Amino acid sequence: MNDVLHATQVVIEQALKRLGYGDDMIELLKEPIRLLTVRIPVRMDDGTTLVFTGYRSQHNDAVGPTKGGVRFHPGVTEKEVKALSIWMSLKCGIADLPYGGGKGGIICDPRKMSFRELERLSRGYVRAISQLVGPTKDIPAPDVMTNSQIMAWMMDEYSRIREFDSPGFITGKPIVLGGSKGRETATARGVVIMIHEALRLKAIPIEGARIVIQGFGNAGSYLAKFMHEAGARVIGISDVNGALYNKEGLDIPHLLDRRDSFGNVTNLFPNTITNEQLLELDCDVLVPAAIENQITELNAGNIQASIIVEAANGPTTLEATRILTDRGVLLIPDVLASAGGVIVSYFEWVQNNQGYYWDEDEIDHKLKVMMIRGFENVYDIHQTRKVDMRLAAYMVGVRKMAEAVRYRGWV
Ligand code: GLU
């Protein structure tokens, strides 16, 4: 099993060293500053009580409040949540948001829970972490298998505890509860902008470009839609059960129509390939948009894409990053490519704080400006400092935080 926390710490250390920081800064930033483990009793529909374990990790709050999603997944671990909170710091640093990174997770399988059980779990989690979070402390959001409905319950529970309406406590809410236009599609929009930049560098026209997407959740499904609309050919998609492939291009509108709320669709088709086969398809752009550790030293040599854009958090191991970089594959790392979600979350929080709401064009324009600036900063470091794209992204991502730590006199 590849240890995502250890892998992150290795690159954080390299990045801080290259930026000229010493062991004290590395010692502080390689671990979250705060980690809360909670036990959440939930009354199930059959009358029994199950006790769930959850976490909230705050990497560092020198720049500002911490920010990041909450995932509901059976595979959640303390180490994973810690790593995810560090990645959030890097995303916020690259996008130049006034936040540090945070992340939460609950070990559960929402696919096996009823609507009301999920509501009780979401509210119980907020009660358990309420001391630690808040609009100026730590701001949660959606992540794997959580959505705007879950954000609505969490916001409602927090507002009840505090006894005033607190839309700025959480982002990714439904629009009627202070959610932002464009938040639902934001991660995919950001990935689209990165694909355009990467195709431009490789001189591949978007028209007819062959795209393979692993995962058909929030990021993967909207990405398939936008790529299809842009005239690219989405030749492969997948979910947890398997993958679909058609070298002429899949019927994306049909697949979007048939997917369930967890992104399952391949079970409706007889001719599927495996997720492993999907990753090795002959294509121009491969987008891992599912979970961690999908591209490893075992399959990196077989990947045929010339561009990889990481929409998921942590899909590629460090060894695989090295193999792909040596092979000349252009890799746009997760902490840059998937920053669209937290960027529009930031817009949502700003709108909640000011009580004035922007239209979708304004959101899309601002998102584009921030994503492209992030890309240019990372690409520039990649070229001038002769480091791979992942290390370049970490250098850009951790720079502001380290400076803030210094100014505050913590190290
Ligand atoms: N969960 C998303 C991420 O990993 C979004 C976080 C947010 O909007 O705060 O980037």
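Every chain is numbered on its own, with residues counted from 1 as its sequence reads. For this predicted model, a pLDDT threshold of at least 70 governs which residues receive local features, and a threshold of 80 or more governs which side-chain atom pairs are given and counted, while totals over whole chains, interfaces and linings are taken from all residues. For the side-chain quantities, the full set of heavy atoms in the structure was used; hydrogens and water were omitted.

Q: I'd like to hear about the UniProt feature "site: Important for catalysis" (unreviewed entry) in the protein, residue by residue, with values.
A: Taking the numbering used here, the UniProt-annotated feature "site: Important for catalysis" (unreviewed entry) corresponds to Asp143. Numbering of helices and strands runs from the N terminus; a helix is a DSSP stretch of H or I covering at least four residues, while a strand is a stretch of E covering at least two. Residue placement: Asp143 occurs in the loop between strand E6 (138-139) and helix H5 (148-162). Throughout this description, buried means an accessible area under 20% of the type-specific maximum (1.4 Å probe, protein chains only), exposed means over 50%, and partly exposed covers the range between. The exposure class assigned to Asp143 is buried, which follows from its relative accessible area of 18%. Any two residues whose heavy atoms approach within 4.5 Å at even a single point are treated as in contact. The residues contacting Asp143, other than those within four sequence positions of it, are Gly69, Val70, Arg71, Lys103 and Asn313. UniProt positions are given in the numbering used here, feature names are shortened, and annotations may be inferred rather than shown by experiment.

Q: Explain helix H10 (residues 318-326) to me, using residue names and the numbers behind them.
A: Helical geometry: 3.6 residues make up each α-helical turn, so side chains three or four residues apart lie on a common side. Turning to H10, its buried residues number three or more, namely Ala320, Thr321, Ile323 and Leu324. Axial view of H10: buried residues confined to an arc of 165°, hence all on one face. For H10, the secondary structure elements touched by its buried residues are strand E11 (307-309), strand E12 (330-332) and helix H14 (389-408). Of the residues trailing H10, Gly328 is marked for its positive phi of about 85°. The arc in question is formed by the directions pointing from the helix axis toward the C-beta atoms.

Q: How would you summarise the packing of aromatic side chains if you had to cite specific residues and measurements?
A: We call Phe, Tyr and Trp rings a pair once their centres come within 6.5 Å, taking the six-membered ring for Trp, and we label the pair stacked below 30 degrees between planes, edge-to-face above 60, and tilted otherwise. Applying the stated criterion to the full structure yields nine aromatic pairs. Relative to Trp349, the ring of Tyr346 has its centre 6.3 Å away and its plane inclined at 35°; by these criteria the two rings are tilted. Of this pair, Tyr346 and Trp349 both sit in helix H12 (residues 340-354), three residues apart, which is roughly one turn of that helix. Relative accessible area serves as the criterion here: at 19%, Tyr346 is assigned to the buried category. Judged by its relative accessible area of 12%, Trp349 falls in the buried class. Three or more aromatic residues joined by ring pairs make a cluster, and in this case those are Tyr99, Tyr346, Phe347, Trp349 and Trp358. Two conditions define a charge located above a ring, namely a distance within 6 Å from the ring centre to NZ of Lys or CZ of Arg, and an angle within 35 degrees of the ring normal. The lysine or arginine in question, Arg189, covers the ring of Phe226, its NZ or CZ lying 4.0 Å from the ring centre. Positioned above the aromatic ring of Trp358, the side-chain terminus of Lys366 is 4.5 Å from the ring centre.

Q: Account for the pairing of strand E7 (residues 210-214), with residues named and values stated.
A: Along any regular strand, the residues point their side chains to alternate faces of the sheet. Across the five residues of E7, four count as buried, placing the element largely inside the fold. The criterion for strand pairing is that DSSP finds at least two bridges linking the strands in question. Relative to strand E8 (residues 233-239), E7 runs parallel, the two sharing five bridges. Along E8, the bridge assignment pairs Val212 with Gly236. Throughout, right-handed denotes a crossover for which the path from the first strand over the helix to the second runs clockwise when the strands point away from the viewer. In this region the chain leaves E7, passes through helix H7 (residues 218-229) and returns to the parallel neighbour E8; the handedness of that crossover is right-handed. Direction of pairing for E7 relative to strand E10 (residues 285-288): parallel, over a ladder of four bridges. Counterpart to Ile213 in the pairing with E10 is Val287.

Q: Any chance you could break down the nonpolar core for me, citing the residues and the numbers?
A: What we call a nonpolar core is a set of buried Ala, Val, Leu, Ile, Met, Phe, Trp, Tyr and Cys residues that are connected through their side-chain atoms within 4.5 Å. Among the nonpolar cores identified, the biggest contains 89 residues, and Ile237, Val287, Val309 and Ile332 are the most heavily contacted of them. No other element matches H14, which puts 12 residues into this core. In this structure Ile332 touches Met194, Ala198, Ile308, Val309, Glu310, Ala337, Phe375 and Met389, once residues within four positions along its chain are discounted. Val38, Met44, Tyr125 and Ile129 belong to the second largest nonpolar core, which has 24 residues in total.

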